[in-house]
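Spelled out from the first residue to the last, the chains are:
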Amino acid sequence: MTITSSDNNIGLYVHVPFCLRKCRYCDFLSFECRDDRALHQYANALMREIETRYEEWPYKVVDTVYIGGGTPSILSETDMKHIMECITDNFTVVDGSEITIEVNPATIDEKKLETYLAAGINRISIGTQSFDNSILNMLGRVHNKNDALNAIRLAKKAGFKNINVDMMFGIPGQTLKMWRDSLRQCIFLRPEHISLYSLQIEEGTPFYQMMEKGTIDPVSENVDRTMYHDALDMLENAGYHHYEISNAALPGFESRHNLKYWSYKEYLGMGLGASSFIGGYRFKNTSSMLEYVNFIKQGLPPVKKEDVENYSLRDEMGIYVFTALRKREGFDIRDFEETFGTDFFYVYDPMLITKLRGLIKMDGFVMKLTDKGLDVSNQVMAEFV
Ligand code: SF4
């Protein structure tokens, strides 16, 4: 029997926490690793976890898979092929599922891309960030402009019909012109999806230390916002649909997996530090590799008791609104009411709409951010949590 996609299907997230080199701004859960044996051992542990997880949630049907990192393309093509086989041998993955892998331009070649496609991966997300070598150097990226161009060209040539390119702005040393030139180059290559990230300088990163020492100057809020709005104009003029604060796509290529996060849908995370929201629970895998491997050796899900979140119903309502407002189309408050069985304006003071006038708007039953609200989205969303 062919199982087709339904609204209740879940997304799987698979985390690969290794990179060739740590970027200067990165505070993600990822470690430098060039040891093929260690990478292979992690792939094996991940496959054991996939089997264990399936035993916990055997009745869940999957329609999106997202292999993220770190740099998943650092794994050998054989390991990635086996991971994909393990997913499809265990979980019911419906026909037409969206299956994404994140890649770094420095870690892919024709053979890998062909293996991904043959293994069922049909979407590729390329961590490009910029097409300017001075900016890539500043970020500490392991690839240069030519690697990025080559990665996109190779992905197209291999037959990928759904390509995302990550782009970053608000980088110390990046002028408005440099940003526009990079984005123009990106649009020219016509990937189906473009993600836009404003650089955040996080504590504990080399960038943070450089900022403390005064060796880099963060980009002003004003320039950062100009870069963002310029990008939105350029993307919309080029036919991209700005469907989420940081994401734009050619019509029909919106990320189905990421839309689950913004639409209060279930997802199951596997791999070091991966988060899940499933069966009414929110939990996070351990972020310690030693603990992770020990859990897996014992055939246990790699989650410590304290990493099972204990959110109240009111917290969940806040999460619903916080994430749903990220979508440009906003959300229908009747869906909120159906999900939680309560009146929206019983939970939230109707005066909030007046307080946030100009930042959010009501379109019938639909609540969404205005263009002005986009710039202070975190402040707006904080009012609902
Ligand atoms: S490639 Fe991505 S995950 Fe890896 S260090 Fe750079 S920003 Fe972090």
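Residues numbered from 1 in each chain as written. Predicted model: local features only at pLDDT ≥ 70, side-chain atom pairs only at ≥ 80, totals over all residues.

Draft legend 1. Spatial organisation of the overall build of the protein chain. The number of helices and strands found in the protein chain is 16 helices and 16 strands. Relative to the 2.2 N^0.38 estimate, which gives 21 Å for 385 residues, the radius of gyration of the protein chain is 21 Å and therefore close to what a compact globule would have. When its C-alpha atoms are laid out on the principal axes, the protein chain stretches across 60 × 50 × 45 Å. Going through the 385 residues of the protein chain one by one, you find that 38% of them count as buried. For the protein chain, the proportion of contacts with a sequence separation of at least 24, taken over those separated by at least 6, is 72%. (Helix = DSSP H or I, 4+ residues; strand = E, 2+ residues; numbered from the N terminus. Rg over C-alpha atoms; globule rule 2.2 N^0.38 Å. Buried ≥ 20, exposed ≤ 12 C-beta atoms within 10 Å, placed from the backbone. Contact = placed C-beta atoms within 7 Å.)

Draft legend 2. A look at the nonpolar core. Leu12, Val65, Ile87 and Ala155 are the most contacted members of the largest nonpolar core, which has 77 residues in total. Apart from residues no more than four positions distant in its own chain, Leu12 is found in contact with Val62, Val65, Ile87, Phe91, Leu268 and Met270. Core analysis: the next-biggest nonpolar cluster, separate from the first, contains 12 residues, Trp262, Tyr320, Val321 and Phe331 among them. (Core = buried A, V, L, I, M, F, W, Y, C linked by C-beta atoms within 7 Å.)

Draft legend 3. View of the site of the ligand. Near the ligand, the surroundings consist of Cys19, Lys22, Cys23, Cys26, Phe28, Ser30, Gly69, Gly70, Thr71, Asn104 and Gly127. Grouping the amino acids of the shell around the ligand by side-chain chemistry returns 4 nonpolar, 6 polar and 1 charged. (Near = placed C-beta within 6 Å. Nonpolar A, V, L, I, M, F, W, Y, C, P; charged D, E, K, R; others polar.)

Draft legend 4. Here's a closer look at the pairing of strand S6 (residues 123-129). Across the 7 residues of S6, 7 count as buried, placing the element largely inside the fold. Alternating positions in S6 separate into two faces, Arg123, Ser125, Gly127 and Gln129 on one and Ile124, Ile126 and Thr128 on the other, with burial throughout. Where strand S5 (residues 92-103) lies against S6, 4 bridges are found, and the strand directions are parallel. By the bridge assignment for S6, Glu102 is matched with Ser125. Two elements, S6 and strand S7 (residues 163-169), share 4 bridges in a ladder whose sense is parallel. Residue pairing across strands places Ile124 opposite Ile163, the latter belonging to S7. (Pairing = 2+ DSSP bridges.)

Draft legend 5. The arrangement of the sheet that holds strand S16 (residues 366-369) in detail. The sheet built from 3 strands is open, its strands ordered S14-S16-S15 with antiparallel pairing. Strands with a single pairing partner mark the edges of an open sheet, and in this sheet they are strand S14 (331-332) and strand S15 (360-363). Direction of pairing for S14 relative to S16: antiparallel, over a ladder of 2 bridges. Within S16, the residue paired with Phe331 across the bridge is Met367.

Draft legend 6. Region of interest: the pairing of strand S1 (residues 10-16). Of all 7 residues in S1, 7 are buried, a share of seventy percent or more. Neither face of S1 is exposed, since Ile10, Leu12, Val14 and Val16 on one face and Gly11, Tyr13 and His15 on the opposite face are all buried. In this structure, S1 lies alongside strand S4 (residues 61-69), joined through 7 bridges in parallel fashion. By the bridge assignment for S4, Val16 is matched with Gly69. Note that S1 and strand S11 (residues 267-270) share 4 bridges and pair parallel. Residue pairing for S11: Tyr13 is matched across the bridge by Gly269.

Draft legend 7. Structural detail: helix H6 (residues 176-189). Its 14 residues give H6 an end-to-end C-alpha distance of 20 Å, which sits within 8% of 20 Å, the value for a rise of 1.5 Å per residue. Within H6, the full set of buried residues consists of Trp179, Ser182, Leu183, Cys186 and Ile187. Each buried residue of H6 sits inside an arc of 135° when the element is viewed along its axis, so together they form one side. What points out from H6, more than 90 degrees from its buried face, is the exposed set Lys177, Arg184 and Phe188. If you follow the buried residues of H6, they end up packed against S7, strand S8 (193-198) and helix H8 (221-237). In the stretch just after H6, Arg190 is the one whose phi turns positive, near 55°. (Expected span 1.5 Å × (residues − 1). Arc of directions from axis to C-beta.)

Draft legend 8. Seen up close, helix H11 (residues 313-324). With 12 residues, H11 extends 16 Å between its outermost C-alpha atoms, agreeing within 8% with the 16 Å of an ideal straight helix rising 1.5 Å per residue. Among all positions of H11, only Met317, Tyr320, Val321 and Ala324 are buried. The arc that holds every buried residue of H11, seen down its axis, measures 85°, which confines them to one face. The inward-facing, buried residues of H11 contact helix H9 (256-262), S14, helix H12 (333-340) and helix H13 (344-347).

Draft legend 9. Main features of the domain arrangement of the protein chain. In terms of domains, the protein chain is made up of domain 1 (10-262) and domain 2 (313-382). For domain 1 and domain 2, the distance between their C-alpha centres works out to 29 Å. Each side of the interface is counted separately: domain 1 has 7 residues, and domain 2 has 8 residues. Elements supplying a minimum of two residues to the side of domain 1 that touches domain 2: strand S9 (241-244) and H9. The leading source of residues in the side of domain 1 that touches domain 2 is S9, at 3 residues. (Domains from an automatic or database assignment.)

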